[in-house]
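# Notes for the structure review
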Amino acid sequence: MNNLKKISAFIMVCVLVMSLAACSSVPKTLKEQYSYKTSTKEYTAGEYVFALFAAYQNAYGIVSQAQGDKFDSSKSIMDVESTFDETGKVWRTSDWIKKEADIIMRNLIGMDQALEKYGIELDEQIVNNTRDTAKANWYLGEYYNEYPDYATPVRNILEPFGVSFESYFNSSYELAQVKESALFNYLYNKGGAKEVASGEVEDYFYTNYSKYAYFTMNLYTSTVDEAGSVINTPFSSSETKAAKEILDSYQRAFDAGVSFEGIADLYKQSTEQPENPMKTMVENLKGDPKVNEEVSSAVRGMKENTMKVIYVGSDESPMAYAIYKYPLAQQTELNIKDDVVYSQVLWDIKGDEFSDYLENLADEAVYEVNEKFVDKCDPKMFEEE
């Protein structure tokens, strides 16, 4: 698992359904001064406990997936022996969790030391926005906006183990991303220590990227039953035929010279939508799909300056995508001037190199460990009720 993935795994609180209660084996973290420290910074005991908890979550997911139907959630995973990464090495779960928590801490320390070494200051507004996101997760839950009835406040999970909001925030995935981005830009962006030549960025963009636009048409209706569940009902055959005829008419209009933007506007007017239904994407089609694989696959097979309608979805919720592929040669300079796109292309070019760099930072980190505290942190505490 590369360093970026380790950092991501560490902070993902996609929270396991389990009862967490403070018990005799839980270290009194709030009384500890530090868990790790450097010559200029101390990392709280709570930050280490959070790292240990994140490593436990990761192990729980790996073990449960490996055992499949045989997995018993009522039993401890501490003594289970398993492989946890591409190395194939077999670990006792509790040992792997402790090892992974140490890697997480070294990742954080290495990155902080690099920021300090190069005098890189984080954007105050970005940090404040990140803090607001973390605070919402802390008090409401990560998925509160999407699933308010099921979201679990992060504080309910971590506070029983002595983890404060500040320890959570300082170890959060969001803040780690801010630090990664600042360090990456210092190295590779315009004027950076290892600046990537603009010509190389443009060549990579032209070779690997596509720009396309699309709008969707649902071929089903949705209703909510008395229990609050959404019920999707596909169109009848006559309704589906009528919808496809409309889409065919759009295709003919495009072939006759109407722009795709004009077609999207016709669709907006006919459906009385308040917002423009057309979405524009700039995507490396060799990477993970931004919309879905069906759309990315269709764009890969399209010629530039053409339109295509595809039909996707399940039997209960079929839908259509009307897609237009832009002539990229006419878009390259425009898109490379976009800071977001430029940064995205840089990550594609230098992401693996940067990941290796972060791993080296972790390996070269200079620090002390409060072994008296760390040694008594048993990941089994996350299983006790």
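Residue indices begin from 1 for each chain and proceed along its sequence in written order. Given that the model is predicted, a residue must reach a pLDDT of at least 70 before its local features are reported, and side-chain atom pairs must reach 80 or more before they are shown or counted; all residues, however, enter totals for whole chains, interfaces and linings. Processing note: side-chain calculations cover all non-hydrogen atoms of the structure and skip hydrogens and water entirely.

Two strands in a sheet stick together by hydrogen bonds in their backbones, pointing the same way (parallel) or opposite ways (antiparallel). Any two strands with at least two DSSP bridges between them are considered paired. For helices the rule is a DSSP run of H or I covering at least 4 residues; for strands it is a run of E covering at least 2, with both sets numbered from the N terminus onward. Strand order in the open sheet formed by four strands is β8-β5-β10-β9, with antiparallel pairing between adjacent strands. In this open sheet, the two strands that pair with only one neighbour each are β8 (279–284) and β9 (306–313). Averaged over all pairs of adjacent strands, the angle between strand axes in this sheet comes to 30°, irrespective of strand direction. Sheet topology places strand β5 (residues 209–218) next to strand β10 (residues 318–325); seven bridges connect them, and they run antiparallel. For every element, the axis is a line fit to its C-alpha atoms; helices are fit only across the contacting stretch, and the angle between N-to-C directions ranges from 0 to 180 degrees.

Counting residues in hydrophobic clusters, the biggest one holds 44 residues, and the most contacted among them are Tyr-48, Leu-158 and Tyr-168. Of all the secondary-structure elements, those providing two or more residues to this core are α2 (45–67), α3 (93–118), α4 (124–139), α5 (154–158), α6 (165–170), α7 (173–188) and α14 (371–374). Counting residues per element, this core draws most heavily on α2, which supplies 12 residues. By size, the runner-up hydrophobic cluster in this structure holds 26 residues, among which are Val-341, Leu-346, Tyr-357 and Leu-361. Buried Ala, Val, Leu, Ile, Met, Phe, Trp, Tyr and Cys residues that are joined via side-chain atoms within 4.5 Å together make up what is termed a nonpolar core. Under the scheme applied here, a residue whose accessible area is under 20% of the maximum for its type counts as buried, over 50% as exposed, and between as partly exposed, the area being computed with a 1.4 Å probe on protein chains only.

Residues enter a patch when their relative accessible area is above 30% and they make no salt bridge; the linking distance is 9 Å between like charges and 5 Å between nonpolar side chains (Val, Leu, Ile, Met, Phe, Trp, Tyr). In these tables, accessible area is a Shrake-Rupley quantity obtained with a 1.4 Å probe, and a residue counts as shielded only by the protein chains included in the view. Note on definitions: salt bridges are taken to be side-chain nitrogens of Lys or Arg within 4 Å of carboxyl oxygens of Asp or Glu. Taken together, Tyr-139, Leu-140 and Tyr-144 make up a surface patch of nonpolar side chains, about 290 Å² in accessible area. Along the chain, Tyr-144 falls in the loop between α4 and α5.

Describing an aromatic ring pair means giving the distance of the ring centres and the angle of the ring planes. Side-chain rings of Phe, Tyr and Trp (the six-membered ring for Trp) are treated as a pair once their centres are within 6.5 Å; stacked means planes under 30 degrees apart, edge-to-face means over 60, and tilted covers the remaining angles. Tallied over the entire structure, the rule returns 32 aromatic pairs. Seen from their ring centres, Phe-354 and Tyr-357 are 6.1 Å apart, and the 25° between their planes marks the pair as stacked. A residue pair is termed a helical-turn pair when its members lie 3 or 4 positions apart in one helix, as Phe-354 and Tyr-357 do in helix α13 (residues 339–364) at three residues. A residue is classified by how much of its surface remains accessible, and Phe-354, at 0% relative accessible area, is buried. Taken together, the ring pairs in this structure connect Phe-215, Tyr-250, Phe-254, Phe-260, Tyr-267, Tyr-324 and Tyr-326 into an aromatic cluster. Ring-over charges, as used throughout, are those where CZ of Arg or NZ of Lys falls within 6 Å of the ring centre and within 35 degrees of the ring normal. Residue placement shows Lys-37 over the ring face of Tyr-34; its charged tip is 4.8 Å from the ring centre. Across from the ring centre of Tyr-326, 5.1 Å away, lies the NZ or CZ of Lys-211, which sits over that ring.

Across all of its chains, the model carries 11 salt bridges by this definition. One salt bridge in this structure joins Asp-112 and Lys-41, with 3.0 Å as the shortest N-O distance. In this pair, Asp-112 sits in helix α3 while Lys-41 sits in the loop between β1 (36–37) and β2 (42–43), placing the two residues 71 residues apart along the sequence. Exposure remark for Asp-112: the relative accessible area of 11% places this residue in the buried category. Ionic pairing is found between Asp-102 and Arg-106, a salt bridge with its closest N-O pair at 3.0 Å.

Phi angles above zero are rare outside glycine, and Glu-272 is one such case at about 55°. Relative to the helices and strands, Glu-272 is located in the loop between α10 (260–271) and β8. Owing to a relative accessible area of 71%, Glu-272 belongs among the exposed residues under this scheme.

For the pair α3 and α7, interaxial distance at closest approach is 10 Å and the crossing angle is 45°. The orientation of α3 relative to α7 falls into the category oblique. Note on packing geometry: the crossing formed by α3 with α7 is left-handed. Each of Met-111, Asp-112, Ala-114, Leu-115 and Tyr-118 in α3 lies in contact with α7, whose residues at this interface are Ala-176, Lys-179, Glu-180, Leu-183 and Tyr-186. Of the residues in the contact of α3 with α7, the class split is seven nonpolar, no polar and three charged. What sets the label is the angle itself: under 35 degrees gives roughly parallel, over 145 gives roughly antiparallel, 65 to 115 gives roughly perpendicular, and the rest give oblique. Left-handed describes a crossing whose near helix is turned anticlockwise from the far helix through less than a right angle; right-handed describes the clockwise counterpart. Throughout, a residue-residue contact means that at least one pair of heavy atoms, one from each residue, lies within 4.5 Å. Each residue is assigned to one of three groups, with Ala, Val, Leu, Ile, Met, Phe, Trp, Tyr, Cys and Pro labelled nonpolar, Asp, Glu, Lys and Arg labelled charged, and all others, Gly among them, labelled polar.

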